[in-house]
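This is what each chain is made of:
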Amino acid sequence: MTRMTVDGEPLDFTEGQTVAAALVAAGRVAWRTTRVGRRPRGVFCGIGVCFDCLVTVDGVRGQRACLLPARADMTVTTREDDDGDDG
Amino acid sequence: MGTTGETADLVVVGAGPAGLAAAVTALAGGLRVALVDSAGTVGGQFWRHPPDTARAAIPTADLHHGLRDYRALREALAAAGDRGRLDLRLAHHVWSVTRDEDGFTVHTVDRRRAPEETAVTLRAPRLLVATGAYDRQLPFPGWDLPGVLTLGGLQALLKGGGVVAGDRVALGGTGPFLLPVAAALAARGARVVTVCEAAGPSAWLRSPGPLLRNPAKGAEGARYGLTLARHGVRFRPRTAIVAAEGTDRVTSVEIASLAADGSPRPGTERRVEADTVGVGWGFVPQLDLLVPLGCALADSDDGSTVVAVDAGQRTTVPGLYAAGEVCGVGGARLSLAEGRLAAESVLADHGAAPVLGRGRRAAVRATVKRHRAFARALARAHPVPSAWSRWLTDDTVVCRCEEVTAGAVRAARTDGGARDHRQVKQLTRAGMGWCQGRVCGPAVHCLVAPHRSYTPTERLVATPLTLGALADLDHARENTGGAAHE
C-alpha cells in the first residue's frame with residue numbers, strides 16, 4: 001500500500017488506483033457538497049462523464065477523481081468548498 | 001522545431017476495441033498512426049485495466065472476456081511502436097478537433113503528470129473517431145444519493161482499481177450489461193441483492209432470429225446466468241428500481257413490477273436494503289468530437305443518435321472515419337470488426353494496399369452485418385420504458401449538476417413551451433453545468449420529446465482544460481514536428 005493525503009488525513013491506496021477508487025476502497029462514497037441543495041456527492045459515472053467526483057489536487061480545482069491516478073506525493077482536498085468551479 | 005507538418009498519416013481517437021483494431025490494421029498497412037486515449041492504458045471501457053505497473057497488485061484477468069484478442073492487439077501495437085510508426089498518446093484528453101483542406105488538427109492536453117496539463121496538437125490528413133459510449137441514465141427519486149452509481153461506474157472501479165464498491169448491491173435498468181456487472185460483483189464477494197431488468201422475459205422470443213444466428217451471445221448469457229445462480233442472485237424481469245432512500249448514503253431501494261408500458265404497477269412496491277446501487281439503461285454514443293465536424297448523423301434503434309457511416313465506416317466528411325459504439329451500440333466484437341473495416345478504408349483512400357485479403361474482408365463485413373442485426377434486436381428487446389417518467393416526483397433532481405428538478409423540466413414544457421432539451425436548458429439551466437448535459441440530456445429529451453431520437457448538443461470544447469494549457473497552444477504547435485515519444 002502507498003499513502004497519500006486527503007483532507008489532511010493519510011489515505012492508503014494500491015498503486016495504480018484512481019483517487020476515486022482509493023476513496024471508495026476506504027469506504028468514502030461522498031466527498032463533495034452541491035451548491036444549491038448542499039447535497040453530498042461522490043463517484044457516479046466512474047469514467048469522466050458526469051463530473052460528480054470533483055476534487056482539488058495540489059491546489060488545482062475541478063479534477064475528476066475517477067480519472068486521476070493516485071500518487072504518494074499528492075495532496076487532495078474535498079471539503080473546502082462546493083463545485084470548485086468558481087476559482 | 002517550429003514545424004506544423006503532419007505528425008501521422010492517421011490519428012485514431014479512442015483506444016478501446018474499435019480504435020485498437022483500427023490502429024493495428026492501419027499500422028500493418030504501413031501507415032504512421034497517432035493513437036490517443038484519455039486513459040493511462042489501452043483497452044477502453046470494455047478492456048479497462050489498471051496501469052501496466054500495477055497488474056500484479058490489482059489482478060483483473062478474471063473480470064475480462066476476449067483477453068486473447070486484447071493481448072494480440074497490444075503485441076501488435078508494441079511491435080509497431082518499436083518500428084517507430086506508432087505515436088501512442090495515453091493520458092491525453094482531446095478537447096477539440098478542427099478540419100481544413102489539409103486534414104485534421106486534434107487538440108489535446110497531456111495529463112500524464114495531472115493535474116499539470118500540457119497542450120499537444122496532432123495533425124493528420126485522416127482522422128478515425130472511436131470514442132465509444134457511456135451509460136444512459138433515467139433519473140429516479142434518490143438517484144443522486146452517494147452510493148448510487150452507473151453500471152459502468154461499478155465496472156470501472158472493479159476493472160480499473162480492483163475495488164468492489166459495496167457490500168449489498170442492487171442493480172437495475174435494462175439490457176445485457178446488467179449481467180456481467182452482476183456476475184463480476186458477485187464473484188468478487190459483493191452480495192448482489194437484486195437485479196431488476198425492466199424488459200419482460202419474452203422480449204427475445206418475439207424475434208429470436210438474431211439470437212439464433214449469434215449462438216455465442218446466447219452462450220455468454222447462459223454463463224452469466226450460471227454465475228448468478230451459483231451466488232444466489234435474484235434476477236427479476238419486468239421490474240425496476242423506482243426510488244433510492246437514505247440521507248448521507250443510500251440504505252435501501254424501492255423496487256416495483258412494471259406494467260407493459262413500463263409504469264410501476266401500484267401495490268407491487270417493496271423495499272430492499274442496499275448500500276450500493278448500479279443503474280444503466282443502455283448506452284449513449286459519445287459524439288462530442290463528431291458533431292462539430294458536421295458529419296451526418298442517423299437514428300439508431302435504441303433512441304440515440306449515431307454517426308452515419310457507409311459500408312467502409314466512412315462518415316460524410318471526407319477523411320473522417322468512425323468505428324465502434326459511436327456508430328451504434330453493439331458490443332466489443334462488432335467494434336473490433338468495424339475498426340478493421342475502417343482502417344481498410346483508410347488504407348484504400350490513402351492508396352495503400354489492403355491488409356486483409358478479399359475473403360477475410362468479406363468475413364469481417366459479414367461479422368459486422370450479423371452483429372448489427374443482433375444489436376437491433378437487442379434495442380427492440382430492451383427499450384427505455386415509455387412510461388418511465390411515472391416514477392419521478394416533482395422534486396426529483398433531473399440535472400445533477402445544476403440541481404434542476406423534474407417539476408421544473410415539466411413546467412418548461414407545459415408553461416414555457418419547450419420542445420427539446422436545448423429549450424429546456426435555456427429555461428431551467430438543465431444541462432448547463434459541469435457535464436454539459438451528457439448525463440441528463442437523454443432523460444430531459446425523453447420528458448419533452450419522447451418520440452424523437454436524442455441528439456446531443458454541440459459542445460465546442462469536449463473536455464474542460466486550464467487556461468494555462470490554452471496559453472500553451474502556440475508552444476505546442478511549434479512542437480508538433482518533434483514531440484517526444486515515450
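Residues numbered from 1 in each chain as written. Chains lettered and ligands numbered in written order. Predicted model: local features only at pLDDT ≥ 70, side-chain atom pairs only at ≥ 80, totals over all residues. Heavy atoms only, no water.

An unreviewed UniProt entry lists chain A under the name (2Fe-2S)-binding protein, with Streptomyces vinaceusdrappus as the source organism.

This next bit is on empty space enclosed by the protein. Residue and element names in this part refer to chain B. Overall, the coordinates contain seven cavities of 30 Å³ or more when judged by the stated rule. Approximately 80 Å³ is the volume attributed to the second largest cavity. In this structure, the second largest cavity is lined by 13 residues; those nearest its centre are His421, Ala430, Gly431, Gly437 and Thr457. The greatest single-element share of the lining of the second largest cavity, amounting to three residues, is contributed by helix α10 (residues 421–428). Taken together, the residues of the lining of the second largest cavity sort by class into four nonpolar, six polar and three charged. (1 Å grid on protein atoms, 1.4 Å probe; cavity = no way out; pocket = protein on both sides within 12 Å on 5 of 7 lines; lining within 4 Å. Points joined across faces, edges and corners; volume = space filled by probe spheres on them. Helix = DSSP H or I, 4+ residues; strand = E, 2+ residues; numbered from the N terminus. Nonpolar A, V, L, I, M, F, W, Y, C, P; charged D, E, K, R; others polar.)

This brings us to the sheet that holds strand β20 (residues 320–322) of chain B. Residue and element names in this part refer to chain B. Overall, parallel pairing links the five strands, which are arranged β3-β2-β1-β7-β20 in an open sheet. Pairing within the sheet leaves two strands with one partner each, and these edge strands are β3 (86–89) and β20. Within this sheet the neighbouring strands show an average axis-to-axis angle of 15 degrees, counted without direction. In the sheet, strand β2 (residues 33–36) pairs with β3 via four bridges, with the strands oriented parallel. Note on β3: the bridge partner recorded for Ala34 is Asp87. (Pairing = 2+ DSSP bridges. Axes fitted to C-alpha atoms, helices over the stretch in contact; angles between N-to-C directions.)

Our focus in this paragraph is the pattern of salt bridges. Applying the stated criterion across every chain yields a total of 28 salt bridges over all chains. Taking the shortest distance from any N to any O, the salt bridge between Arg35 of chain A and Glu402 of chain B comes out at 3.4 Å. Here Arg35 of chain A, found in the loop between β3 (30–33) and β4 (40–42), pairs with Glu402 of chain B, found in the loop between β21 (397–399) and β22 (404–405), and the two come from separate chains. Of the residues examined, Glu402 of chain B reaches a relative accessible area of 13% and is grouped as buried. Because the salt bridges share partners, they merge into one network encompassing Arg32, Arg39, Arg41 and Asp52 of chain A together with Asp144, Arg400 and Glu403 of chain B. (Salt bridge = Lys/Arg side-chain N within 4 Å of Asp/Glu carboxyl O. Buried < 20%, exposed > 50% of the residue type's maximum accessible area, 1.4 Å probe, protein only.)

Residue and element names in this part refer to chain B. There is about 800 Å³ of room inside the second largest pocket. In this structure, the second largest pocket is lined by 38 residues; those nearest its centre are Pro383, Val384, Pro385, Ser386 and Ala387. The set of elements that each furnish at least two residues to the lining of the second largest pocket consists of α8 (358–381), α9 (406–414) and α11 (441–448). The element best represented in the lining of the second largest pocket is α11, accounting for four residues. Among the residues making up the lining of the second largest pocket, the classes are represented as 18 nonpolar, nine polar and eleven charged.

All names here are of chain B. Most of strand β5 (residues 103–110) sits inside the fold, with eight of its eight residues counted as buried. Two strands pair when backbone bridges link them, and strand β4 (residues 92–100) and β5 are joined in this way by eight bridges, in the antiparallel orientation. Following the sheet pairing, His93 is matched in β5 by Val109. Between the end of β4 and the start of β5, which pair antiparallel, lie two residues.

Moving on, we get to the packing of aromatic side chains. Within this structure, the stated rule accounts for seven aromatic pairs over all chains. Ring geometry for Trp47 of chain B against Tyr70 of chain B: centres 5.4 Å apart, planes inclined by 50 degrees, an arrangement best described as tilted. Here Trp47 of chain B is found in the loop between β2 and α2 (67–82), whereas its partner Tyr70 of chain B is found in helix α2, with 23 residues between them in sequence. Across this residue pair, the class does not change: Trp47 of chain B and Tyr70 of chain B are buried. Within the aromatic cluster, the residues linked to one another by ring pairs are Phe46, Trp47 and Tyr70 of chain B. The residue whose ring lies beneath Arg400 of chain B is Phe44 of chain A, and the NZ or CZ to ring-centre distance is 3.6 Å. Across from the ring centre of Trp143 of chain B, 4.7 Å away, lies the NZ or CZ of Arg400 of chain B, which sits over that ring. (Phe/Tyr/Trp six-rings, centres within 6.5 Å; stacked < 30°, edge-to-face > 60°. Lys NZ or Arg CZ within 6 Å of the ring centre and 35° of its normal.)

Take the interface of chain B and chain A next. At the junction of the two partners, chain B supplies 42 residues and chain A supplies 42 residues. Per-residue buried area on chain B facing chain A is highest for Pro115, Glu403 and Trp434 of chain B; these three make up 23% of the total on that side. Applying the counting criterion to the chain B and chain A interface returns five salt bridges. One salt bridge connects Asp144 of chain B with Arg39 of chain A, and the closest N-O pair in it is separated by 3.4 Å. At the junction of chain B with chain A, the criterion picks out 14 residue pairs in polar contact (both at pLDDT 80 or more). Elements supplying a minimum of two residues to the side of chain B that touches chain A: β9 (148–150) and α3 (151–161) of chain B. Looking at the side of chain B that touches chain A, the element that brings in the most residues is α3 of chain B, giving six residues. (Contact = heavy atoms within 4.5 Å. Buried area = accessible area lost by both parts, 1.4 Å probe. Polar contact = N/O pair within 3.5 Å; in protein donor to acceptor, adjacent residues only side chain to side chain.)

Let us now look at the confidence of the model for chain A. Overall, the prediction assigns chain A a mean pLDDT of 91, with 91% of residues at 70 or greater. Between residues 83–87 of chain A, whose pLDDT stays under 50, and residues either more than four places distant or in other chains, the model counts 14 contacts. (pLDDT = per-residue confidence, 0-100.)

Residue and element names in this part refer to chain B. Spatial ordering of the open sheet is given by β4-β5-β6, a layout of three strands whose pairing is antiparallel. Sheet topology places β4 and β6 (118–124) at the edges, where each strand pairs with a single neighbour. Looking at each pair of strands side by side, their axes are set apart by 20 degrees on average, direction ignored.

All names here are of chain B. In this fold, Ala28 is placed in helix α1 (residues 17–28). What makes Ala28 exposed here is its relative accessible area of 53%. Spatially, the C-alpha atoms of Ala28 and Ala343 are 9.8 Å apart, while their sequence positions differ by 315 residues.

All names here are of chain B. Relative to the elements of secondary structure, Thr108 occurs in strand β5. Given the relative accessible area of 1%, Thr108 is considered buried. Contacts of Thr108, omitting those with residues within four sequence positions, involve Val36, His92, His93, Val94, Trp95, Thr118, Ala119, Val120 and Leu122.

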